[in-house]
Amino acid sequence: MPVAPDAEVKLSCRNVWKVYGNRPEQFFTGHDGNLGSDAQAKAHAQEIRDSGHIVAAANVSFDVHVGEIFVIMGLSGSGKSTVVRCLSRLVDATAGEVILDGQNLLAANKRELIEFRRHKMGMVFQNFGLMPHLNVIDNVAFPLELQGVPLKKRREQAQEVISLVGLEGREGSFPRQLSGGQQQRVGIARSLAVKPELWFLDEPFSALDPLIRRQMQDEFLRLQRELHKSIVFITHDFLEALRIADRMAIMRAGEVVQIGRPVDLILNPADDYVREFTNDVPWEMVLTAGDIADGTRGFAPGMGHISADTSVATLLPYLADHDAGVMVRGADGEDIGAVNARDVIKALASGVDNPALVTD
Amino acid sequence: MTSETLTSESAAGTASGPALLRAIQAQPAPFVLFALAVATIVLYLLGPHAEALVKFPDAWVLSPTAVMNDFMRWFVDLTGPVFQAIGWLLEWPVKGAQWLLAALPWSVTTIVFVTLAWIASGWRLAAFVLLSMLYMAVIGYWPESMNSLAIVLISVPMAIVVGFGFGVLGFYSERARRVIMPMLDLLQTIPAFAYLLPILILFGFGTTVGLVASVLYAFPPMVRNTILGLRAVPPEIVEAGEMSGATPRQLFWKVRLPAAQNQMLLGVNQTTMASLSMVIIAAIIGGTNDIGWEVLSTMRKALFGESLLAGFVIALLAMALDRITYGFAKRDRFAAAQAAGLNPWLAGLGAAAAFGLLSLVVPALSDWPAAWVYNPAPDMNAALEVFVVEWRTWIEAIKNAAFFFLMLPIKIGLAKAVSPFTWGFEMTTPVIAGYGALVALLAGWAALRGRLTLAAGIVLAGTILFIGLTAMPWLTLAAIIVYAAWTTGGRMLALGTAAGLAFLLVAGVWPQTVLSIYLCGVAVIICFVLGTLIGVWAAQSNTVSAIVRPIIDTLQTMPLFVILIPFVMVFKIGEFTALLAIIAYAIVPAIRYTEHGLRNLPSDVIEAATTVGCTPRQLLFRVKLPLALPAIMLGLNQTIIYGIGMLVIAALVGTNGLGQQIYIGLGDGDFGVGMTAGIGMAIIAIIADRITQSVSRRKQEEYGLTATVI
Ligand SMILES: Nc1ncnc2c1ncn2[C@@H]1O[C@H](COP(=O)(O)OP(=O)(O)OP(=O)(O)O)[C@@H](O)[C@H]1O
Ligand SMILES: [Mg+2]
């Protein structure tokens, strides 16, 4: 379900800075965080750090398209949460612009902000943030309660989302009676209760154990296929990012290091920091037939057909038995190019750091 | 280095000047302590020749009492009508509640409270409350109990509202918190008795005094718990609320407040307990027909059976209120909400209504019939009489031993306490020399082991014990206290301490202060030693813990008055009785904190020590006790605070000191005298509190552990 690159932009984050310290505004007099070039921004960030301030987000810019899952990835403390908090205005950015549907969110007043949150945004938290005094259904209905929706109606609406996340039967339970996975389902249901267009998830599955995490990722993707939200998803787990991201940004020390599709990052890492993440990735799982198709070779007899988003891994058994390889077909039904066993080996080989020395 | 060489060195100070100076700079404590001991001895020997430095001269005293009284008179003249009006207004709710509780049939009141207990914590508590209420009725103290309860029922909501308001203010505004917190400290360290005085003067006699005093005394815990609870709400919950589109008002009422609810209910529990204890204490002003007055008046008439029975009512009231409010704080509302069956609120209401109707027909359910009253007080008095006569020799022996061999020496010094009559010998020159040699020997032994500070401390303690606290020259005694503040808390604390002591000296209450320090000090030392031992034992053995816990829990919930009763019964009034009462109350934190500290050490440290082959004994002395030191020191801190709290109450059974002074002020309506003593008490409490807190905090920082007030 990749999103067409020309899809409408839902949320745009432009030169956002967040500086903690004594007097952070002093660094942004005369300009609005936009310093022209990246190099200048980098220098400015360093200047701020040298003065003893903490630069939690530095010149962060990216767009999120309608229906897109945009993942922000980075090590602990790299500023991921800060960015998403600036987007939702849980903290106020020191400089920059956040544009939602053409309106600058950072200029919105308190009242408008509350309206934005009530109707356009949903957010899921790492530690769930459930109200301990409310049961499942009332937790989910909480945002509706705040809007003054009458009890019966809001329970009905909450019931819908509860079914959506597969928690039927637990409506009367209280958060502490639920497992971590179930609690996060409640968190997800709550964030969806107001039918937001923009969905923030800050490390939603990090507190869960690996098996449950995987299950939740699948459910999340299923939900997204149904709902088509515009999503900003935060994680520090590269594999998680790979599974769900349409596009992703990698952050380090408050700065965005690289933005692109997961494959782009793997095939062309911007620097060693990004390469560190991509090293352990099982390439055959990430690469698709479309990524390695050789467009110069046409259809030859003996070739099968395969769609472009087939992962290389699932192709291996076929290639092992068919020397002619396969022809890759794009989403529009046109042939893209051919792939044979050798192409696969070549692509995988480029990820090997220290090739064995072969003696004659 | 022995103390002898120390003496010779300081005598030959000029010769080895620079070397000595360097040694002093490196480790000043032993030298300072030693110098203080020497100075004390010198001043003591100079005696009459240095009169002004030994006994604070009367000419230097500037008693603030007259000024305070003038101020109060002026203030009352100015605002009298306002307070009269407020008092008049406040009297109505109390009167209403008293009327209601008196008018309600006893069976209905009982059912209401039993139902509350049931909902709060289950059938055990319900049974306990039922038996307690029946006891009140059978013993014949129903009306008095209800009168006290009425004041509590009115004062608690008021204290909660006031405390909640200040708590919310303190939560949102850092600046407000900086004003509120010291105010709370002050309200909680000034002895409860001292509150009564200005309130009495402003509002005049009546139930209002008890009400106002109990609100003032009871709202601080609510403030603390409100701030604590609101601050402890996880930030994610608040953020989730914000992201759900909460307005600031919704964020408070629908997110923060419910999430902080349990902590606040704990505040309600503490507030209720404080309120009850103040309502009881307020009975001292008299004229109220409540249970506190019953205890006091019978105690004064030496009707111990009656006062014990009435005291027991207070204890039961306290325990019931404590468990009920605590039960509500800890109640699992979720489980309760899901529980099937009959709604206990409705069931209770129904039963109450049924009994209400029934009591219209059956008078015995409305007013407890006189025939059902059984008061064993006269029999108890007779039995006590027999007991005291029978065991007189033993009782006297215990009392005398403690008095002559422990209390008197510390009070007036071995120099005066030792007499042929009690000790069997006199303080002749050889005996004094022998005593000096013993102290020197102990100090020398410590010095040889390299513990110079300990050695100097022994010399100083030996000196004080010889001279006696009350005969200590004011100059050196004050210097010792200020030095203790300096080494533990630094310059600010030393300055504050000096200022506080200066107030006590100039205000002319130094002798009373020293007497208070003496009585409280003896009690605290005994509590600390005994309490730590029991605490260690309880930490090692679950059986001991299971026995000790309920006892100290009960002692802690017991209103202070009541603790006095059994001791007065056996030992009559006097300092020894006061001492025992203080010990009984102040030993609680010493035990509790030691056990808590020892039981809650990081388990990895214990496991590591066990795997390297510590014997249980080594584990206790080398690992556990040192690590539990921060908690134990905090326990000492609480012991001192408790001790001072009880000291004031103990003045009722005959002590001399600030407590007595407050009591006198209260009796005579002398605001200046009572207030000066009250402030003096607060000064001592604050100094002792800060010093022990600093020690605990420093240890905590050293070990990277935290000890919290429990
Ligand atoms: N309120 C604050 N005051 C000062 N510094 C802060 C504050 N909040 C965050 N920071 C700093 O900003 C930086 C980025 O923090 P942030 O929480 O955004 O990291 P993160 O990438 O979300 O990390 P994690 O994966 O641990 O959640 C960190 O260095 C952090 O110490
Ligand atoms: Mg984070």
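No experiment lies behind these values; they were computed from the predicted model shown.

### Let's talk about the overall build of chain A
Counting its secondary structure elements, chain A contains 14 helices and 13 strands. For chain A, whose C-alpha radius of gyration is 23 Å, the value lies close to the compact-globule estimate of 21 Å for 360 residues. If you line up chain A on its principal axes, its C-alpha atoms span 70 × 55 × 35 Å. In chain A, which comprises 360 residues, the share counted as buried stands at 51%.

### Remarks on the pattern of salt bridges
Residue and element names in this part refer to chain A. With the rule as written, the count across this model stands at 39 salt bridges over all chains. Note that Arg247 is salt-bridged to Glu68, the shortest N-O span being 2.5 Å. Residue Arg247 is found in strand 9 (residues 247-252), and its partner Glu68 is found in the loop between strand 2 (54-65) and strand 3 (69-74); the two are separated by 179 residues along the sequence. Judged by relative accessible area, which is 2%, Glu68 ranks as buried. In this structure, the salt-bridge partner of Arg185 is Glu219, at a minimum N-O distance of 3.3 Å.

### With respect to the layout of surface pockets
Residues and elements named next belong to chain B. In this structure, the second largest pocket occupies an estimated 2000 Å³ of space. What lines the second largest pocket is a set of 49 residues, among which Ile464, Ile480, Ile481, Ala484 and Ile525 lie closest to the centre. Of all elements in the fold, only helix 3 (28-46), helix 21 (429-448), helix 22 (452-467), helix 23 (474-489), helix 24 (491-506), helix 25 (510-540), helix 30 (616-650) and helix 32 (671-703) reach the threshold of two or more residues within the lining of the second largest pocket. For the lining of the second largest pocket, a count of residues per class yields 39 nonpolar, nine polar and one charged.

### Some words on unusual backbone geometry
Residue and element names in this part refer to chain A. Although it is not a glycine, Lys195 sits at a positive phi angle of roughly 50°. Mapped onto the elements of the fold, Lys195 is located in the loop between helix 6 (180-192) and strand 7 (198-202). On the basis of relative accessible area, Lys195 is assigned to the exposed category, the value being 53%. The phi torsion at Ala253 lies on the positive side, around 45°, for a residue other than glycine. Take Ala253: it is sitting in the loop between strand 9 and strand 10 (255-260).

### A closer look at the site of ligand 1
Residue and element names in this part refer to chain A. The full set of residues close to ligand 1 is Tyr20, Ile54, Ala56, Leu75, Ser76, Gly77, Ser78, Gly79, Lys80, Ser81, Thr82 and Glu203. Residue Ser76 places a side-chain N or O atom 2.5 Å away from an oxygen atom belonging to ligand 1. Thr82 has a polar side-chain atom sitting 2.5 Å from an oxygen atom of ligand 1. Considered on its own, ligand 1 offers 630 Å² of accessible surface; in the complex 59% of this is hidden by protein. Sorting the residues of the shell around ligand 1 by element identifies strand 2 and helix 2 (80-87) as the ones contributing at least two each. Looking at the shell around ligand 1, the element that brings in the most residues is helix 2, giving three residues. Of the residues that constitute the shell around ligand 1, the class distribution is four nonpolar, six polar and two charged.

### Examining the sheet that holds strand 11 (residues 304-307) of chain A
All names here are of chain A. Reading across from one edge, 11-12-13 is the order of the three strands in this open sheet, with mixed pairing throughout. Two strands bound the open sheet, and with one partner strand each, they are strand 11 and strand 13 (335-339). For this sheet, the mean inter-axis angle between neighbouring strands, taken without regard to orientation, is 30°. Alignment of strand 12 (residues 326-329) against strand 13, held across four bridges, turns out to be antiparallel. In the sheet register, Met327 faces strand 13, and the bridge partner there is Ala338. Its contacts with the sheet place helix 13 (residues 312-321) against strand 11, strand 12 and strand 13, and it is angled at close to 150° to strand 12.

### Points about the interface of chain B and chain A
Taken together, the contact between chain B and chain A spans 20 residues of the former and 29 residues of the latter. Taken over both partners, the interface formed by chain B and chain A buries close to 2200 Å², and the fraction arising from carbon and sulfur atoms is 60%. Residue Glu239 of chain B pairs with Arg85 of chain A through a salt bridge whose shortest N-O separation is 2.5 Å. Viewed at the interface, chain A and chain B are joined by six residue pairs in polar contact (both at pLDDT 80 or more). Elements with a contribution of two residues or more to the side of chain B that touches chain A: helix 12 (235-243), helix 13 (248-282) and helix 16 (333-338) of chain B. Top contributing element to the side of chain B that touches chain A by residue count: helix 12 of chain B, with seven residues. In the side of chain B that touches chain A, the residues fall into nine nonpolar, six polar and five charged.

Thresholds applied
- Residues numbered from 1 in each chain as written.
- Chains lettered and ligands numbered in written order.
- Predicted model: local features only at pLDDT ≥ 70, side-chain atom pairs only at ≥ 80, totals over all residues.
- Heavy atoms only, no water.
- Helix = DSSP H or I, 4+ residues; strand = E, 2+ residues; numbered from the N terminus.
- Rg over C-alpha atoms; globule rule 2.2 N^0.38 Å.
- Buried < 20%, exposed > 50% of the residue type's maximum accessible area, 1.4 Å probe, protein only.
- Salt bridge = Lys/Arg side-chain N within 4 Å of Asp/Glu carboxyl O.
- 1 Å grid on protein atoms, 1.4 Å probe; cavity = no way out; pocket = protein on both sides within 12 Å on 5 of 7 lines; lining within 4 Å.
- Points joined across faces, edges and corners; volume = space filled by probe spheres on them.
- Nonpolar A, V, L, I, M, F, W, Y, C, P; charged D, E, K, R; others polar.
- Near = heavy atom within 4 Å.
- Polar contact = N/O pair within 3.5 Å; in protein donor to acceptor, adjacent residues only side chain to side chain.
- Areas by Shrake-Rupley, 256 points an atom, 1.4 Å probe, with all protein chains shown as cover.
- Pairing = 2+ DSSP bridges.
- Axes fitted to C-alpha atoms, helices over the stretch in contact; angles between N-to-C directions.
- Contact = heavy atoms within 4.5 Å.
- Buried area = accessible area lost by both parts, 1.4 Å probe.

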